[in-house]
Amino acid sequence: MKKTIKLLTKENEIRVIDDALDIYLEIPHLAYAEVKKKDGGKALLFTNVIDKKSGKKFDESVLMNVFGSYKRCELLFGRTIESIADEITKLLHMKPPASFGEKLSMASDLFALKNIFPKRLKGKGKCQEIEYLNDDINLLDIPVLTTWEQDGGPFITMGQVYTQSFDGQLVNVGMYRLQVYDKNHLGMHWQIHKDSSHFFDQYQKAGKKMPVSIAIGGDPLYTWCATAPLPYGVNELLMYGLIKKQPARLVQSITTPLCVPEDADYVIEGWIDPSELKTEGPFGDHTGYYTLEEPYPVMEVSAITTKKDRVFLATVVGKPPLEDKYMGWATGKIFFPLLKTTVPDLLDYHMPENGGFHNLILAKMQPHYKGHAKQFMHAFWGAGQMSFVKHAIFVDENGPRLDNYEVFATYILDRFTPKSMFISEGILDALDHSSPETLVGGKLGIDATAANKVEAPQLLGDEELLKEVKELIPDAVDLHQFMRRTKNPITVISLNKTKTVKEYFEALVTLSTYIRIVVFVDVEKNDVNNSYMIIWRVTNNMDAQRDIFISGLMVGIDGTNKTSLDGFTREWPDDVDCTKSVVESLKEKGLWDLDDKLFNEYQLM
Ligand SMILES: Cc1cc2nc3c(=O)[nH]c(=O)nc-3n(C[C@H](O)[C@H](O)[C@H](O)COP(=O)(O)O)c2cc1C
């Protein structure tokens, strides 16, 4: 981490904060504000870290937002993301060499591959300069942050979690949040679809304790590797070797059989009794909602080792944009060549940050036959972690750039009819709260590869249209129509819901001369003019099987919170919001410098 701090300082990419700040809300709130700034702001180094509740002052600094910009991402990868994607494409398309020159170039490519395998070092690493064992183990001596008011406690947010299969043949590193319960117990939030959860099942079946080692810090690329969605059985540290062209350097933990990067700042080792699960959460998550309490395995810590000169690395999640926007950007680009092996006619794909990754994907393809886009949708919904995607929109090769949202939306809306939609069911990210049941739910695909002929509707101004709408829906409060120059303008209506949205939609059908796509949201916490947050809200809240209604050319989408009124029996989570008193106190200290415009646009409160 010290090396990273030096690099970021040299590049003017870090802001040092020497004021005494609390691990409870203050530090994470400031990091949350920083990443909302244009281009992700700076990395933040907090040098005076305190725990106001216990009166403790920590020796170490806390480092945050290291990946929070495109520039910093590439600095930490040590090369451009494009060059990594190109190298993977080249490896996947290796052909027998046709000339001596090609033979030489292939030999050098293959020679470089020897570095991808992690190297196990003899003896101890820098991460083991200090050892805490038995009564000296105390997780509360690490400056672990509590980010949000309703969080169940402090959470380690950038832990590389090293595990191995029961037979010891497979090793894995995944990034999962870890709840600090007390001085020597951690909650392991590996969701059911993740590799460590599969390993855990094996130990549970055998009735044997499972070893885990968690590394924090070291070369930041280890942290990114832990988030990489490689298939079950593939060690993510191979990516480290491929990207850095030098092997990950590992040492064995002192009380578990697992190996960890020798330069990590902290290593927390321990064992899980598979017969014991404990309530984990709530936690304000990257969906922008709290994830609710659920039972997860518990690790009893058997050792903590650290560098002498250690820095604690953490991130903050909540509503977009977040640091994971930039990490996800790198992942998307690096994994594109691998995804193409399943769907070769895929030309590009993009996950808009306000779609929370899995809630919305835009893709460009070369369609060759009828139903080709639908075939792609099924492929996406069956491909590893891509299968969490809830809503996918496909355009053909003539479609515009996927990140030019205005032009892209115009292209789709000019060729859309309700027939362009395809609704299915599949697995969902464990964090999804919209579906009537956990883990499975509706999927929406939009095939905009073919142009449908559609007449544009007649247009009324927002005020006039709202008047008409209120005649039919007295609960409607506000209205704004987006994309009015297209064949399918999008009308957003906010309301105080007293009926099901289906009933509201049916009441609106008589206005089909003026309305094509209509999106309903609750009046509370939604601004009908803020398209960024409306997309975030609606793609989070909708389940395609339940929340889409069609009548002729009209399509209704229910983006409201679901309640017993909708027959919804699960608990609906709260939004993740900043705590007013914390923001005010940071303002008083002169540390909070986020523009009010961005504060409101990203709905921090
Ligand atoms: C900031 C951040 C926090 C994350 N937290 C979790 C988590 O708590 N639980 C989880 O299962 N995945 C979490 N993930 C996603 C996993 O890291 C990701 O799915 C990874 O590919 C899992 O590795 P695995 O396939 O080896 O299990 C998080 C990702 C990021 C970027």
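## Notes on the overall build of the chain
Thinking step 1. Within the chain, the regular secondary structure consists of 17 helices and 31 strands.
Thinking step 2. For the chain, whose C-alpha radius of gyration is 25 Å, the value lies close to the compact-globule estimate of 25 Å for 605 residues.
Thinking step 3. Principal-axis analysis of the C-alpha atoms gives the chain an extent of 75 × 70 × 50 Å.
Thinking step 4. For the chain, the residues scored as buried account for 58% of the 605 residues in total.
Thinking step 5. Long-range contacts, defined as pairs at least 24 residues apart, comprise 72% of the intrachain contacts of the chain with a sequence gap of at least 6.
Thinking step 6. Of the roughly 25300 Å² of accessible surface on the chain, a fraction of 52% belongs to carbon and sulfur atoms.
Thinking step 7. Each charge class in the chain can be summarised by its mean position, and for the 69 positive and 84 negative side chains these summaries are 6 Å apart.

## Observations concerning the side chain of Asp522
Thinking step 1. If you trace the backbone, Asp522 turns up in strand β29 (residues 517-522).
Thinking step 2. For the buried residue Asp522, which engages in no salt bridge, the nearest side chain bearing the opposite charge is Lys497, 5.2 Å off.
Thinking step 3. Within polar-contact distance, the side chain of Asp522 engages the backbone nitrogen of Asn561 at 2.7 Å.

## Overview of the pattern of salt bridges
Thinking step 1. Under the definition given, this model contains 36 salt bridges.
Thinking step 2. A salt bridge links Lys71 to Glu11; the nearest nitrogen and oxygen atoms lie 3.6 Å apart. One end of the pair, Lys71, is in helix α3 (residues 70-77); the other, Glu11, is in the loop between α1 (2-10) and β1 (14-17), with 60 residues separating them in the sequence.
Thinking step 3. Lys71 sits in the partly exposed class, given a relative accessible area of 40%.
Thinking step 4. With relative accessibility at 27%, the residue Glu11 sits in the partly exposed group.
Thinking step 5. The closest approach of N and O atoms between Arg537 and Asp575, which form a salt bridge, is 2.8 Å. Here Arg537 is found in helix α14 (residues 531-541), whereas its partner Asp575 is found in the loop between β31 (554-558) and α16 (580-588), with 38 residues between them in sequence. Across the pair, exposure class does not vary: Arg537 and Asp575 are buried alike.
Thinking step 6. Each member of the salt-bridge network shares a partner with another, and the members are Lys319, Lys525, Arg537, Asp575 and Asp577.

## Considerations on the pairing of strand β6 (residues 61-64)
Walk down a regular strand and you will see the side chains alternate between the two sheet faces.
Thinking step 1. The side-chain alternation of β6 yields two buried faces, one formed by Ser61 and Leu63 and the other by Val62 and Met64.
Thinking step 2. In this structure, β6 lies alongside strand β21 (residues 311-314), joined through four bridges in parallel fashion. Its bridge partner being in β21, Met64 is matched across the sheet by Ala314.

## With respect to the packing of aromatic side chains
Thinking step 1. Within this structure, the stated rule accounts for 20 aromatic pairs.
Thinking step 2. For the ring pair Tyr222 and Tyr240, a centre distance of 4.4 Å and an interplane angle of 5° mean the geometry is stacked. Of this pair, Tyr222 sits in helix α7 (residues 220-227) while Tyr240 sits in helix α8 (residues 237-244), and the two are 18 residues apart along the sequence.
Thinking step 3. Among the residues examined, Tyr222 registers a relative accessible area of 2% and is labelled buried.
Thinking step 4. We classify Tyr240 as buried; its relative accessible area is 4%.
Thinking step 5. Ring pairing ties together the aromatic residues Tyr70, Tyr326 and Trp329, which thus form one cluster.
Thinking step 6. It is Lys278 that lies over the ring of Tyr181; its NZ or CZ is 4.2 Å from the centre.
Thinking step 7. Positioned above the aromatic ring of Phe599 is the side chain of Lys587, whose terminal nitrogen or guanidinium carbon lies 5.9 Å from the ring centre.

## What to know about the sheet that holds strand β16 (residues 259-261)
Thinking step 1. What the three strands build is an open sheet, ordered β7-β15-β16; its pairing is mixed. The open sheet has two edge strands, β7 (119-120) and β16, and neither has a second partner.
Thinking step 2. Sheet topology places β7 next to strand β15 (residues 249-252); two bridges connect them, and they run parallel. Residue pairing across strands places Arg120 opposite Leu250, the latter belonging to β15.

## Section: the site of the ligand
Thinking step 1. Among the 18 residues in the neighbourhood of the ligand, the closest are listed as Met175, Tyr176, Arg177, His189 and Gln385.
Thinking step 2. Measuring from an oxygen atom of the ligand, one finds a backbone N or O atom of Arg177 at 2.9 Å.
Thinking step 3. Here an oxygen atom of the ligand sits 2.9 Å away from a polar atom, N or O, in the main chain of Asp195.
Thinking step 4. When isolated, the ligand has an accessible area of 640 Å², and the protein chains bury 88% of it.
Thinking step 5. Taken together, the elements giving at least two residues each to the shell around the ligand come down to β11 (171-175) and α7.
Thinking step 6. Looking at the shell around the ligand residue by residue, the classes come out as seven nonpolar, seven polar and four charged.

## A closer look at helix α13 (residues 501-508)
Thinking step 1. Restricting attention to buried positions, one finds in α13 the residues Val501, Tyr504, Phe505 and Leu508. Across the axial projection of α13, the buried residues extend over an arc of 100°, all falling on one side.
Thinking step 2. Those residues of α13 that are buried lie in contact with α12 (462-472), β28 (490-495), β29, β30 (548-551) and β31.

## Points about the state of the cysteines
Thinking step 1. For the structure shown, the criterion picks out zero disulfides.
Thinking step 2. Looking at the unpaired Cys225, the closest cysteine sulfur is the one in Cys73, lying at 12 Å.

## Some words on helix α10 (residues 372-380)
Each α-helix turn comprises 3.6 residues. Residues three or four places apart therefore point the same way.
Thinking step 1. For α10, the set of buried residues is His372, Ala373, Phe376, Met377 and Phe380. Relative to the axis of α10, the buried residues are bounded by an arc of 145° and lie together on one face.
Thinking step 2. At its buried positions, α10 is contacted by α9 (323-340), β22 (346-350), β23 (361-365), β24 (391-395), β25 (421-427) and β26 (440-448).

## What to know about the domain arrangement of the chain
Interfaces are often described in size by the accessible area the parts lose on coming together.
Thinking step 1. Under the domain assignment used here, the chain contains domain 1 (2-77 + 117-314), domain 2 (78-116), domain 3 (323-448) and domain 4 (462-566).
Thinking step 2. The distance between the C-alpha centroids of domain 1 and domain 2 comes to 32 Å.
Thinking step 3. Tallying the contact residues gives 15 residues for domain 1 and twelve residues for domain 2.
Thinking step 4. Buried surface at the junction of domain 1 and domain 2, both sides included, amounts to about 1200 Å², of which 59% is carbon and sulfur.

Rules behind the numbers
- Residues numbered from 1 in each chain as written.
- Predicted model: local features only at pLDDT ≥ 70, side-chain atom pairs only at ≥ 80, totals over all residues.
- Heavy atoms only, no water.
- Helix = DSSP H or I, 4+ residues; strand = E, 2+ residues; numbered from the N terminus.
- Rg over C-alpha atoms; globule rule 2.2 N^0.38 Å.
- Buried < 20%, exposed > 50% of the residue type's maximum accessible area, 1.4 Å probe, protein only.
- Contact = heavy atoms within 4.5 Å.
- Areas by Shrake-Rupley, 256 points an atom, 1.4 Å probe, with all protein chains shown as cover.
- Lys, Arg positive; Asp, Glu negative; His and termini not counted.
- Charge placed at Lys NZ, Arg CZ, Asp CG, Glu CD.
- Salt bridge = Lys/Arg side-chain N within 4 Å of Asp/Glu carboxyl O.
- Polar contact = N/O pair within 3.5 Å; in protein donor to acceptor, adjacent residues only side chain to side chain.
- Pairing = 2+ DSSP bridges.
- Phe/Tyr/Trp six-rings, centres within 6.5 Å; stacked < 30°, edge-to-face > 60°.
- Lys NZ or Arg CZ within 6 Å of the ring centre and 35° of its normal.
- Near = heavy atom within 4 Å.
- Nonpolar A, V, L, I, M, F, W, Y, C, P; charged D, E, K, R; others polar.
- Arc of directions from axis to C-beta.
- Disulfide = S-S within 2.5 Å.
- Domains from an automatic or database assignment.
- Buried area = accessible area lost by both parts, 1.4 Å probe.

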